[in-house]
Structure formats: structure tokens, C-alpha cells
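Structural features, examined
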Amino acid sequence: MKKTGSRTIFSGLGVLVCLALPSAGIAQGSSGKLGPIVATPITDNPADGENQLANALERRTRKKALFPTEPLGFFRNGFGSISDRVYDKTGLRLTLGVHNAWQWYDNQQSGFPDKGSAMDIDFNGRWELVNRGEPNEGGIFFNVDGRWNWTDFGPQTLGFSGIGAAGGTANSFAEYAPALILRQIYWWQGSEEAGWSLRIGKATVDGLFMASRHLNPNTTFLSNVGTSPNADASPDSGLAIIVNYAFNENWSILARISDANADRYDFGSPGAGYYHKGAELQWRSNENAARATTVKVSGWHTDGTKDGEPANVNTGSDGYGFTAFFEHELADDGRPVVIGRYGKSYDGASIWDQQVGLSFLLYQPLGPLRFETDVFGAAINSVDSATPGTPRETNYEIFYRFPLFPNVDLTLNYQYIDNPATNTEHNNASAFALRLVTTF
């Protein structure tokens, strides 16, 4: 039986913020100097499709790398040339991201292999259709997502099941069936200049809260607990309304309402009347401030799913919760960054009852030998699984990412998992990974 007492919490947030849009103020700024470029005010998450597209364009300018010759330069330049011509004539911008991960394990459970590999590709398109070049321009965004395993099991599956890590070890690196899906297609409108922005349609909502442009399984940390807010019971990609509104230079609000039965393979069941609602209040120091700071606090409620079955990170139950986020640059140049995150779920609504994380990143760490985009990171994350009787799990993670070629990044990643929540044979496990990422 579904609970109804708290069902209407946050239910009108999307409508209220939409009604406020015509009087929008100044858009929020993107703090920091050396992190990934983020072009849309909806979310800081670099894995967000629109941010992936913006970052792919920025990567074209990179020159320094361990090996200066670009092995895929001919194909990359050809794709870029065609994309530019299409954009000039139609307003449609196309980019492609290709991500590969290989992971090796010890102390895996019986019956599982000690290694796995997978590919994740994102083909993104952003079509400017109305008010092109104006602050309130709008159009259609789409994302075709493809995922393949190179081995019998992908790294994400082996992290969750093979070593029993509730916090995962390789976020997004597991195959789809079918391998290619139209994961997102929505109408977007607004910009940082307008002070507001919205998305209406089939959209991904599970990386919106506690998002940081420094946390992304394709470019920095790899574990799910290190890169995702899975204590917020988010539904899968599906029909949603997402709005970001800036009150002034420092304060903004991100609100969403989405189908709790969403399914990335289809259009879910929005008519069933089960929804996930939430809002995140955000404060940022001035855009060009040295040692920039960002603080975010959110609250959310889910009606659960229509059949009470799990969906994405929602267990199927009605529940609520909150998240808190703090990010601060430790030096004027923005190179060292510290990030703290906390998420809490009540009534067993999320696969994690609680997550706590502290991350540190240092961009260009190698002094005179450093590249333009290399970065070192270290993090400690703990998670309380919603699975009854499981211990608190702690993930210790370090990585180093550098440009192997001008447009190909290589990451070395190591994780030590203490008390993997569902591992019945070992009380610790390790995972070592290599990740290659390129964009077109």
C-alpha cells in the first residue's frame, strides 16, 4: 500500500518555478579556473549531455600531451569539419564521446571473473530552433547512448555483484540490451545570460543533485559512490520538467518533477500518477572570485513505483530525503579543490540509506612537467546500503588522469573497499582500472 501522508511534498515546485521565469535575474556563474567548461546553468555535472557537448568543443583546442601526435586526427578533424558545416547551416551541433574502461579485482566472490571491460559512447545533438543567438533561445536536445561489454561481465556489474560493493566501482560501464538507445530527447530553452533555463521531455535526472564539475566517471573518479547522488532515489531517464532559476549572481534554485516509473528504454508510465519531486537551493561565490565556493542543499520526495518494484536507484518504496554539498577551491588559481557531500534517504526509498563523501582534486600537479589538463584525485566515501543486515561500506579511491594524446585522456584508478556490503566471502576487496576517453 502506498503512503500518502508526505506525497505532496515539493509537488508544486516545478510549476511554481516555471511561473516565476519571466522575471528571472542574473544567471549563476561557473566557479573555478581549471576544471571542465560547463556551458548550461541546469547542472554542473560534466556527464550531463549538454555539458558533454560543450566540453567536446573545448577539447579541440588542447595541444600538450605525452605523445604530441594525434593518431585519430584525420577522423577527428573530418568529424569536426562536418559538424561545423552542419551547425552553420542548420543550428544543429553534433558531438561524440567514446569512453572505455578496464578493471581488475581481487577478493571477488566465487563464480565471478577477476576482470572486466566495457565501452560507453554518447552521441549528442543540440539543435537551436528559436531565438537563435539570443539569451532565451530554445531548441531540441537528444542523446543516443550506447554501452557494450568487451568481456562476459562489465566492470559496473562486477563491482556491484562480483565483489559485492554497494557503492560500485565503475559507474556507467555495463552493457545495454539493446546496446544503443535514445536515452534523452527534450525541449530546452534559456541560458546563463537569461538567468533561467528549462528542459521538458525525456531527460536524465539522476545526476542533477549534489553535482560537481569535478566529479564524473568519465574524467575523474570512477566509483558510483564517488560520482553519483544515489541516496536521492532518483528515477531513470524519462519524462520530466527541470528548471533552473537564478535569483541573483549568487543564489539559484534547481527544481525537477519526473516520472517515478521512468525507463531509459521507453517512455515509462507518467500517466500512472507516481512522481519524483525535488528542489536544490544553490549558493555560489562571485563568478571570478579567488578560492570560489559552492554550497547546495536539496530536499526530495518519491511516490515509489506503481508495482513497488525497484527502478534505477529507487527501491520502489514511497519516501523522502535530503542532500548537502560543499565545494571550495583551496588556492587562488583554482588548482586544489575539496568537495564534501552527504545524502540521506528515509523509509527505505533509495538503494542507499546514507552516503558520505570527501574528495580532493589537484589540477596540473606535476609542476614544470605538468600538462594542460592532468589531475590527481583522492577520496573517501562511505555508504549504508538499504539491503537489511549489511555493514557500512567504505571506499578509498585515488586516480591520476593525463592526456596520452592531445585528445585522448588516460586514467589510472585504484580503489580499496572495506566491508563490501554484499560480499559474503571477504571483508575487503580491491579494484584497479584503466580508462581511455576521447571526443569528436
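Residues numbered from 1 in each chain as written. Predicted model: local features only at pLDDT ≥ 70, side-chain atom pairs only at ≥ 80, totals over all residues. Heavy atoms only, no water.

Here Ser258 lies in strand β7 (residues 251-259). Judged by its relative accessible area of 3%, Ser258 is buried. Setting aside anything within four residues of it in sequence, one finds Ser258 in contact with Val205, Pro235, Leu239, Ala240, Tyr274, Tyr275 and His276. (Helix = DSSP H or I, 4+ residues; strand = E, 2+ residues; numbered from the N terminus. Buried < 20%, exposed > 50% of the residue type's maximum accessible area, 1.4 Å probe, protein only. Contact = heavy atoms within 4.5 Å.)

A word on helix α2 (residues 49-59). Taking burial as the measure, the 11 residues of α2 include 9 buried ones, the bulk of the element. Every buried residue of α2 is listed here: Gly49, Glu50, Asn51, Gln52, Leu53, Ala54, Asn55, Ala56 and Arg59. Its side-chain oxygen at 3.2 Å from the backbone nitrogen of Glu50, Asp48 defines the N-terminal cap of α2. (Polar contact = N/O pair within 3.5 Å; in protein donor to acceptor, adjacent residues only side chain to side chain.)

Counted by the stated rule, this structure contains 22 salt bridges. Close ionic contact of Glu50 with Arg199 constitutes a salt bridge, the shortest N to O distance being 3.2 Å. You can see Glu50 sitting in helix α2 and its partner Arg199 sitting in strand β5 (residues 196-203), a full 149 residues away along the chain. The same class applies to Glu50 as to Arg199, namely buried. Between Asp333 and Arg335 there is a salt bridge, with the nearest N and O atoms lying 3.8 Å from each other. Because the salt bridges share partners, they merge into one network encompassing Asp48, Glu50, Arg126, Glu128, Arg132, Glu137 and Arg199. (Salt bridge = Lys/Arg side-chain N within 4 Å of Asp/Glu carboxyl O.)

What follows covers the nonpolar core. Counting 14 residues, the largest nonpolar core has Tyr186, Val205, Leu208, Phe209, Ile242, Leu254 and Trp300 as the members making the most contacts within it. Within the residue set of this core, elements represented by two or more residues are β4 (180-191) and β6 (238-246). Sequence-distant contacts of Val205, defined by excluding residues within four places in its chain, comprise Ser234, Pro235, Asp236, Ala240, Ile242, Arg256 and Ser258. Met210, Leu215, Ile339 and Ala379 belong to the second-largest nonpolar core, a separate cluster that totals 11 residues. (Core = buried A, V, L, I, M, F, W, Y, C linked by side-chain atoms within 4.5 Å.)

Residue Pro178 is bonded to the preceding Ala177 through a cis peptide linkage, with omega at 5 degrees. Locating Pro178 in the fold gives a position in the loop between α4 (155-162) and β4. Even without glycine at this site, Asn131 takes up a positive phi of about 50 degrees. Position of Asn131 relative to the elements: it lies in the loop between β2 (115-130) and β3 (138-149). With relative accessibility at 37%, the residue Asn131 sits in the partly exposed group. The phi angle at Asp347 is positive, at roughly 65 degrees, despite the residue not being glycine. Considering the arrangement of structural elements, one finds Asp347 in the loop between β11 (336-346) and β12 (352-363). By relative accessible area, which is 44% here, Asp347 ends up partly exposed.

In short, geometric facts, not functional conclusions.
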